[in-house]
Amino acid sequence: KILMEKLVGLLSEAADQMNGKDTSDYGDLLTLDTKFVLNHASEDGIGIKGQLLFAGPTLQDIRDQGSQLWEDKDSDDLFFVIAIKTKGDPQETIDGIKQIIQDFGIPIEEMASQFGDLKFHAGDGEALIGFKAQDNPYTEMLNKVLLQSKVFGDGSTDVEGSFSIHLGSTFNDMLDDAPLFKHLAKSLLIEFKGNIHEATRSNILEVLESKKEELGPLLSAAHAIFLVKNIRSSIEVDTTEEMLETLETSCNEGFPMAAFSLRQVFALVKQAGLPLDMIRPILDLVQSSSAGEVEISAYAQAGIRLTLSTPGVDEAVGAFLED
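The shown structure was predicted, so the numbers you read here are calculated from the model rather than taken from an experiment. (Residues numbered from 1 in each chain as written. Predicted model: local features only at pLDDT ≥ 70, side-chain atom pairs only at ≥ 80, totals over all residues. Heavy atoms only, no water.)

So, about the overall build of the chain. Counting secondary structure elements, the chain contains 12 helices and 10 strands. Over its C-alpha atoms, taken along the principal directions, the chain stretches across nearly 65 × 55 × 40 Å. Counting every position in the chain, which comprises 323 residues, the buried fraction comes to 40%. Put simply, 80% of the contacts in the chain that link residues at least 6 apart link residues at least 24 apart. For the chain, the exposed surface amounts to about 18000 Å²; the carbon and sulfur share of it is 57%. Distance between charge centres in the chain, computed from 26 positive and 54 negative side chains, equals 5 Å. (Helix = DSSP H or I, 4+ residues; strand = E, 2+ residues; numbered from the N terminus. Buried < 20%, exposed > 50% of the residue type's maximum accessible area, 1.4 Å probe, protein only. Contact = heavy atoms within 4.5 Å. Areas by Shrake-Rupley, 256 points an atom, 1.4 Å probe, with all protein chains shown as cover. Lys, Arg positive; Asp, Glu negative; His and termini not counted. Charge placed at Lys NZ, Arg CZ, Asp CG, Glu CD.)

Estimated volume of the second largest pocket: approximately 400 Å³. Surrounding the second largest pocket, 16 residues form its lining, I84, I97, I282, L285 and V286 being those nearest its centre. In terms of residue class, the lining of the second largest pocket is built from 12 nonpolar, four polar and no charged. (1 Å grid on protein atoms, 1.4 Å probe; cavity = no way out; pocket = protein on both sides within 12 Å on 5 of 7 lines; lining within 4 Å. Points joined across faces, edges and corners; volume = space filled by probe spheres on them. Nonpolar A, V, L, I, M, F, W, Y, C, P; charged D, E, K, R; others polar.)

Bringing the nonpolar core into the picture now. Counting 17 residues, the largest nonpolar core has F171, M174, L175, L262 and F266 as its most contacted members. For this core, the secondary-structure elements that each account for two or more residues are α10 (262-271) and α12 (313-322). The greatest single-element share of this core, amounting to six residues, is contributed by α12. In this structure, M174 is in contact with I46, L167, S169, L180, H183, L184 and L262, ignoring residues within four places of it in sequence. (Core = buried A, V, L, I, M, F, W, Y, C linked by side-chain atoms within 4.5 Å.)

This part covers the pattern of salt bridges. Counting across every chain of the model gives nine salt bridges. Notably, a salt bridge pairs E126 with K85, separated by 2.6 Å at the nearest N-O pair. Linking E126 in strand β5 (residues 126-133) with K85 in strand β3 (residues 79-86), this pair joins segments that are 41 residues apart in sequence. Among the salt bridges present, the one from D284 reaches R280, with a minimum N-O distance of 3.6 Å. Here R280 and D284 lie together in helix α11 (residues 276-289), a separation of four residues that amounts to about one turn. (Salt bridge = Lys/Arg side-chain N within 4 Å of Asp/Glu carboxyl O.)

Okay, the packing of aromatic side chains next. Think of a pair of aromatic rings as described by two things: how far the centres are apart, and how the planes are tilted against each other in angle. The final tally for this structure, using the stated rule, is four aromatic pairs. Ring plane angle 25° and centroid distance 5.2 Å describe the contact between F79 and Y299, whose orientation is recorded as stacked. With F79 in strand β3 and Y299 in strand β9 (residues 290-300), this residue pair connects regions lying 220 residues apart in the sequence. Across this residue pair, the class does not change: F79 and Y299 are buried. Put simply, the rings of W70, F79 and Y299 touch in pairs and so form one group of aromatic residues. The residue whose ring lies beneath K270 is F320, and the NZ or CZ to ring-centre distance is 5.0 Å. (Phe/Tyr/Trp six-rings, centres within 6.5 Å; stacked < 30°, edge-to-face > 60°. Lys NZ or Arg CZ within 6 Å of the ring centre and 35° of its normal.)

So, about the packing of α10 against α12. Direction vectors running N to C along α10 and α12 enclose 50°, while the axes themselves pass 10 Å from each other. Viewed along their axes, α10 and α12 adopt a mutual orientation that is oblique. For α10 against α12, the interelement crossing comes out right-handed. Together, R263, F266, V269 and K270 of α10 and A316, A319, F320, L321 and E322 of α12 make up the contact between the two elements. Grouping the amino acids of the contact of α10 with α12 by side-chain chemistry returns six nonpolar, no polar and three charged. (Axes fitted to C-alpha atoms, helices over the stretch in contact; angles between N-to-C directions. Parallel < 35°, antiparallel > 145°, perpendicular 65-115°, else oblique. Left-handed = near helix turned anticlockwise from the far one by under 90°.)

We now examine the sheet that holds strand β1 (residues 29-38). Spatial ordering of the open sheet is given by β4-β5-β3-β9-β10-β2-β6-β7-β1-β8, a layout of 10 strands whose pairing is mixed. Looking at which strands have only one partner, the edges of the open sheet turn out to be β4 (116-122) and β8 (231-237). Adjacent strand axes in the sheet meet at a mean angle of 10°, parallel and antiparallel pairs treated alike. As paired strands, strand β2 (residues 47-55) and strand β6 (residues 159-167) are joined by eight bridges and run antiparallel to one another. Its bridge partner lying in β6, G50 is registered against F163. (Pairing = 2+ DSSP bridges.)

With that out of the way, let us pick up the packing of α11 against α12. One way to put it is that α11 packs onto α12 with a least axis distance of 9 Å and a crossing angle of 145°. The crossing of α11 and α12 is left-handed. For the pair α11 and α12, the contacting residues are L276, R280, L283, D284, V286 and Q287 in the first and V313, D314, V317, G318, F320 and L321 in the second. Taken together, the residues that form the contact of α11 with α12 break down as seven nonpolar, two polar and three charged.

Listed below in structure tokens is the structure:
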């Protein structure tokens with residue numbers, strides 16, 4: 001406990017110093033951008049993207065989502081939001097979700113009320129489900145050690161660390177008779193990005209230097225990380241039909257299921273005797289309302305956002321239910 005109190009005190013002092021720094025001139029933006037591209041992939045297919053956001057328009061978007069749910073929200077509140085993009089009326093999606101929760105007999109609102117405030121809201125083309133933590137000693141302690149967004153930028157540009165993985169195929173594409181691995185090997189994009197302003201880097205190093213005795217190893221690591229100004233790399237690979245045919249032969253010999261089409265996988269799942277009637281309401285809701293994107297965000301001065309892109313998932317679910 002004493003060690004924890006000492007650590008919190010140290011981090012709180014460092015945060016106070018950083019939050020009090022002059023932010024009139026952020027300087028140049030230092031960047032990391034490294035990617036692997038297979039067959040000229042883009043971000044249009046199935047994918048996942050994770051972002052740790054310190055400042056900028058995307059962080060403001062998370063704040064705006066929170067404001068839609070809680071008009072009295074302030075900058076110190078900690079909250080979590082799921083935004084489901086809908087192709088119809090978002091209120092119908094919310095009603096469907098609430099009905100499913102009720103049918104399963106889960107007292108989710110009663111459970112959530114012990115720790116904070118759970119809300120549902122029909123936004124502009126999206127159904128929002130949010131939870132805001134009530135004030136408690138832990139949230140107060142966390143706010144003491146958090147850095148404000150003004151430390152990292154003026155809000156005009158996203159200051160973040162992120163990763164993304166995207167396929168070149170959609171669920172619509174996968175409804176043909178081709179093996180799934182062919183769609184997976186069609187194209188692929190893996191990317192890691194990050195940036196930070198030069199002034200922020202200098203301020204971080206300055207604060208760490210002032211606490212050299214307590215943060216010796218951390219200071220050395222920070223110096224090593226911030227020595228490089230910009231890192232950019234890109235690896236691009238193009239495959240041939242012969243390579244895919246060889247891969248198909250190898251898959252058929254070593255792992256036959258990899259050569260199954262999506263429809264064949266659907267048939268296999270049904271033959272397994274899973275209790276599909278139990279999850280049918282969920283599948284029906286996905287088919288009728290999903291626009292193929294879900295954002296899961298959390299806010300505590302900085303923001304975390306996980307974006308799941310599933311274009312064509314409604315049609316794939318429809319095919320699963322029909323087959």
